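Below, each chain spelled out in residue letters.
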Amino acid sequence: MPYCYYTCNLLPLHLVASTGHSPRWLGNHLRDPNAPARRDALSVHPMTCPFVTKLVAAAEEVLGERTGAPGSGEASATAGTRGDDCLVVPGGCDAMRRLGDLLAATYPDRVFVLQMPRSSGPEVAATLASDLARLQEWLRARMPGDLQAGSAAAVSAEPPTLDYPRPPRPGGVFLVSGPLSDDSLLGLIDKLGAHVSGLESCTSPDRWKPLAPGSRDGGSGHEALAADVLAAGMCPRRSTAERREHLVRRLDEANASSIIYARQSFCDPGAYDALLVAQLAQERALPYLEIEVDFPFDANGPLRTRVEAFLEAQLLDDDLLEV
Amino acid sequence: MPGLSDATGDSLSASLIRAAFLTRTRYKALQERTARRYMYLHALSASLDLFKPGAIVPWVSYLFPTELLASYGITAMIPEIGAATLTGTESREPLEAAAARMPLARDVCSYHRIALAAVENGMLPAPSMCLGTTPLCLGKECLLETLAVRYHVPFREIRVPLPPDEGEAAPEVVADVAEQMRVLHDDIGRWTGRSPQLRKVIELSNRASKAWGHLMAERLAGRLEMDGRETFATVFLGQLLWGTREGAKDFERLLTEHGRSDLMAPRAADGRPLKKLLWLHTVPHHDSGIIDLMRERGAMVLFEEMGQMHLETVDPDDPFPGLAKRLTDNVMWGTSARRARLNLALAKHLKVDGVVHFNHWGCRHGLGSVPVLRAAFAKAGIPFIAVDGDALGRGGPQQEKSRQAMESFLELL
């Protein structure tokens, strides 16, 4: 079965599966950092977030060898089924939208950029529903004839692997972040003697599980799917007022004792979101730490020291209070 | 020396400082009597009114149809213009210090970062409402809504779908955007309690558009050579004046030789023809290093991508579709492929010797499209360079690096 790679978890995977494609999160297929650099690799500006930068390289790996310049329409796939594989880019931010543009120009007819709205409301949901229908149509049209009938049952989904290493408990560290490649940051917090009370991340299970296969009857209409996407995707790129409301609810539910914001560098929505979260922390008199992280996440080195110092300071405060 | 930050409030000193700023600008306008000087004067005069107590201050995105505000006699506060103006005054240093103290990542667009620092430190007036448009970037929408939430004022966004790569936006898309504008125009009236004068404002805006459209057509036809860098800087400020009587007169001043005399293309001292360049994206407002270098090396900016707006008039009886179309089909909006197609056609039409893309600090929208633009120009055999810089910057190692890159590019030409 051909693969449909995707970049953001705000994609209803059953919609993809219903067309006979196996959905695979591109973040699971990053280029080996030790592999020799390719001279003809697509280049993105260094002032682009590491997530987008790494996904461009990953897309080049999975979509096949490139023989032409971007926009030349001369790209071709290597042997095998790679030519049937495709990529869906939900374009929620400028960098991701431009990633979609670059790859669409390099791999004509193999990349679909799905516009992701900031706001909600009936008109917005209707537009998204129509875009989802267009995506489904595009995926169906790509499917080779011999694989079309009854192929949905044969697909396998490969969402992000990030999950809570231990169930979140109220009263602990609340973690906000962009995309995380794995649970090492959560594990680090656990290892340092604190516990996690909640996670808000592009790759958190709260984000991808509601849109994973089996979460909804595959026959549901596009309007309902659009509503699901808008409900699940209360992420930093969304309306600040709605995001604030969402975060207030999450923080209250988690009864957070402190907040850590793991922000990707060069991420506009993340930068403004961190400002919002810092304000929420201040309003609640919660200790707040903002760290700049890479993708994939590396829990060692200076980041570990900063998180450790932050958590230790809180334990120290607790000890002093007990005295 | 007082800065603009001292111009706020209703104290006698604030009024005097405002008057002094205006007098200085008015004196220059009276001396030179060019469209550019008048536009500076009128944009400054309208903007200083925003500092007065009780003023209605709508923070809007750069492409927001300001006629919707002018209809109620309101001037727009455009963060990019505010940031560029303030960093060119005595307020630059304290403003940069305030921005450095702010807990906002330094890697976001400097226009927006500086504007936020300015409003948080009383150097720009706080918003009464924040009005965005999806074009051009997400960052300014984040800024505008952040401000709306902080100051507890309404936020509205005009949602504009991306245009197709080929052709124009579909009529139903234009109609949808027009309807959003119609509703917003009514809402502004309700929020402010003022009566609209939209027809009158559109007629004034049309006078300006007619003049500007004519000028751009002459430039495109090769009958008029203007300095693209200076012309963009003028139109950048003119964004505050669409739909005003002053704006109409100022744009019409560009139609006379004297009115545009300080915007004309430079000439080489020895009479040799200059290399002609197409400039994409914004310009460095306060650092003339790259432009000076171009002049030294016999090159000039013939045309600027961002000047291509308000080229057509709109129907005064039903202005919303016309205003909507300016957004849906804006040359900077859409995919990288569309931007490459339009600019390639422009470069070929103008027969330029090369193309410069200014990679403004933190602009994911602009610099994200550079790989596709570069490939398109390379395929067409048109020299292309993308120079990194900060539109608000002044000197520094980055600017020096860009200057060196430009030097090599000009040598190549």
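Given the structure is predicted, the values throughout are model-derived calculations rather than measurements.

So, how was this worked out
- Residues numbered from 1 in each chain as written.
- Chains lettered and ligands numbered in written order.
- Predicted model: local features only at pLDDT ≥ 70, side-chain atom pairs only at ≥ 80, totals over all residues.
- Heavy atoms only, no water.
- Core = buried A, V, L, I, M, F, W, Y, C linked by side-chain atoms within 4.5 Å.
- Buried < 20%, exposed > 50% of the residue type's maximum accessible area, 1.4 Å probe, protein only.
- Helix = DSSP H or I, 4+ residues; strand = E, 2+ residues; numbered from the N terminus.
- Pairing = 2+ DSSP bridges.
- Axes fitted to C-alpha atoms, helices over the stretch in contact; angles between N-to-C directions.
- Contact = heavy atoms within 4.5 Å.
- Expected span 1.5 Å × (residues − 1).
- Arc of directions from axis to C-beta.
- Salt bridge = Lys/Arg side-chain N within 4 Å of Asp/Glu carboxyl O.
- Parallel < 35°, antiparallel > 145°, perpendicular 65-115°, else oblique.
- Left-handed = near helix turned anticlockwise from the far one by under 90°.
- Nonpolar A, V, L, I, M, F, W, Y, C, P; charged D, E, K, R; others polar.
- Buried area = accessible area lost by both parts, 1.4 Å probe.
- Polar contact = N/O pair within 3.5 Å; in protein donor to acceptor, adjacent residues only side chain to side chain.
- 1 Å grid on protein atoms, 1.4 Å probe; cavity = no way out; pocket = protein on both sides within 12 Å on 5 of 7 lines; lining within 4 Å.
- Points joined across faces, edges and corners; volume = space filled by probe spheres on them.

1. Describing the nonpolar core
- Ranked by internal contacts, the top residues of the largest apolar core, which has 193 residues, are Trp-59, Met-294 and Met-406 of chain B.
- Among the elements that line this core, the one with the most residues is helix H2 (residues 50–63) of chain A, at eight residues.
- Grouped together as the second largest cluster of nonpolar side chains are 23 residues, Leu-162, Leu-175, Leu-188 and Leu-199 of chain A included.

2. Re the sheet that holds strand S2 (residues 22–25) of chain A
Residue and element names in this part refer to chain A.
- Reading across from one edge, S2-S1-S3-S4 is the order of the four strands in this open sheet, with parallel pairing throughout. Looking at strand neighbours, the two that pair on one side only are S2 and strand S4 (111–115), the edges of this open sheet. Across the sheet, the mean angle from the axis of one strand to that of its neighbour is 25°, orientation sign disregarded.
- Where H2 meets the sheet, its contacts fall on strand S1 (3–6), S2, strand S3 (86–91) and S4, and the angle it forms with S3 comes to roughly 160°.
- On the sheet, helix H4 (residues 122–142) packs against S1, S3 and S4 and is oriented at approximately 170° with respect to S4.

3. What about helix H17 (residues 397–412) of chain B?
Residues and elements named next belong to chain B.
- Given a rise of 1.5 Å per residue, 16 residues ought to cover 22 Å, and the 23 Å separating the end C-alpha atoms of H17 matches this to within 8%.
- For H17, every residue scored as buried is listed here: Gln-399, Ser-402, Met-406, Phe-409 and Leu-410. Looking straight down H17, one finds that the buried residues subtend no more than 95° of arc, so they occupy a single side. Of the exposed residues in H17, those oriented more than 90 degrees away from the buried face are Pro-397, Lys-401, Glu-411 and Leu-412.

4. Description of the pattern of salt bridges
All names here are of chain B.
- The tally for this structure, following the rule as stated, stands at 51 salt bridges over all chains.
- Close ionic contact of Arg-36 with Glu-230 constitutes a salt bridge, the shortest N to O distance being 2.6 Å. On the criterion of sequence distance, the pair formed by Arg-36 in helix H2 (residues 35–49) and Glu-230 in helix H10 (residues 228–238) is long-range, its members being 194 residues apart.
- A residue is classified by how much of its surface remains accessible, and Arg-36, at 13% relative accessible area, is buried.

5. Comments concerning the sheet that holds strand S1 (residues 58–60) of chain B
Residues and elements named next belong to chain B.
- Spatial strand order, S1-S2-S3: three strands in an open sheet with parallel pairing. Taken across any chain shown, the strands that pair with only one partner, and hence form the sheet edges, are S1 and strand S3 (155–158). For this sheet, the mean inter-axis angle between neighbouring strands, taken without regard to orientation, is 20°.
- Strand direction decides the pairing type here: strand S2 (residues 129–133) and S3, joined by four bridges, are parallel. Paired with Gly-132 across the bridge in S3 is Glu-157.

6. A few points about unusual backbone geometry
- Here the bond from Phe-295 of chain A into Pro-296 of chain A is cis, since omega is 0°, no more than 30 degrees from zero.
- Here Pro-296 of chain A lies in the loop between strand S8 (288–293) and helix H11 (302–322).
- Each neighbour pair has its own omega, and for Pro-135 of chain B with Leu-136 of chain B the value is 5°, a cis peptide bond.
- Summarising the element assignment, Leu-136 of chain B is placed in the loop between S2 and helix H7 (138–151).
- A positive phi is found at Phe-266 of chain A, a non-glycine position, where the angle reads about 60°.
- Along the chain, Phe-266 of chain A turns up in the loop between strand S7 (258–264) and helix H10 (268–283).
- Given a relative accessible area of 22%, Phe-266 of chain A falls into the partly exposed group.

7. A look at the packing of helix H6 (residues 110–120) of chain B against H7 of chain B
Residue and element names in this part refer to chain B.
- One can describe the packing of H6 onto H7 by two numbers: an axis separation of 10 Å at closest approach and a directional angle of 15°. Classed by the angle they form, the pair H6 and H7 counts as roughly parallel. Of the two elements, H6 crosses H7, and the hand of that crossing is right-handed. Counting all contacts with H6, which are made through His-112, Ala-115, Leu-116, Val-119 and Glu-120, the residues of H7 involved are Gly-139, Lys-140, Leu-143, Leu-147, Arg-150 and Tyr-151.
- The class makeup of the residues in the contact of H6 with H7 is six nonpolar, two polar and three charged.

8. Let's talk about the interface of chain B and chain A
- Listed as interface residues are 40 residues of chain B and, on the opposing side, 38 residues of chain A.
- Of the roughly 3,400 Å² buried where chain B meets chain A, counting both sides, 59% is carbon and sulfur surface.
- In this assembly, chain B and chain A are joined by four salt bridges.
- Ionic pairing is found between Arg-364 of chain B and Asp-268 of chain A, a salt bridge with its closest N-O pair at 2.6 Å.
- On inspection of chain B and its partner chain A, the count reaches 15 residue pairs in polar contact (both at pLDDT 80 or more).
- Contributing elements (two or more residues each) for the side of chain B that touches chain A: H6, H7, S3, helix H15 (364–368) and helix H16 (370–380) of chain B.
- Sorting elements by how many residues they give to the side of chain B that touches chain A places H7 of chain B first, with nine residues.

9. Concerning helix H8 (residues 171–192) of chain B
All names here are of chain B.
- Helix length check: H8 (22 residues) gives 32 Å between terminal C-alpha atoms against 32 Å at 1.5 Å per residue, within 8%.
- At its buried positions, H8 is contacted by helix H3 (67–70), S2, S3, helix H9 (198–220) and helix H13 (319–328).
- Looking one or two residues beyond H8, the residue adopting positive phi is Gly-193, at roughly 70°.

10. A word on the side chain of Asn-330 of chain B
Residues and elements named next belong to chain B.
- Mapped onto the fold, Asn-330 is located in the loop between H13 and helix H14 (336–350).
- Overall, Asn-330 belongs to the buried group, its relative accessible area being 7%.
- There is a polar contact of 2.8 Å between the side chain of Asn-330 and the backbone nitrogen of Met-332.
- What Asn-330 contacts, discounting residues up to four positions off in sequence, is Leu-63, Leu-136, Lys-325 and Arg-338.

11. A short note on the environment of Ser-184 of chain A
All names here are of chain A.
- Within the secondary structure layout, Ser-184 lies in helix H6 (residues 184–191).
- The sequence separation of Ser-184 and Leu-162 amounts to 22 residues, and the corresponding C-alpha distance is 9.2 Å.
- Apart from residues lying up to four places away in sequence, Ser-184 is in contact with Phe-297 and Ala-299.

12. Structural notes on empty space enclosed by the protein
- Evaluated as defined, the whole model comprises seven cavities of 30 Å³ or more.
- By volume, the largest cavity amounts to about 500 Å³.
- Residue lining of the largest cavity: 35 residues in total, with Cys-93, Pro-179, Cys-202, Cys-267 and Pro-269 of chain A positioned closest to the centre.
- At four residues, S7 of chain A tops the list of elements feeding residues into the lining of the largest cavity.
- In terms of residue class, the lining of the largest cavity is built from 21 nonpolar, eight polar and six charged.
- What the second largest cavity holds in volume is close to 300 Å³.
- Lining the second largest cavity are 24 residues; nearest its centre among them are Glu-80, Tyr-111, Leu-136, Cys-137 and His-281 of chain B.
- Contributing elements (two or more residues each) for the lining of the second largest cavity: H6, H7, H10 and H15 of chain B.
- The residue inventory of the lining of the second largest cavity, partitioned by class, reads eleven nonpolar, eight polar and five charged.

Note that all results are geometric; they support no functional claim without further evidence.
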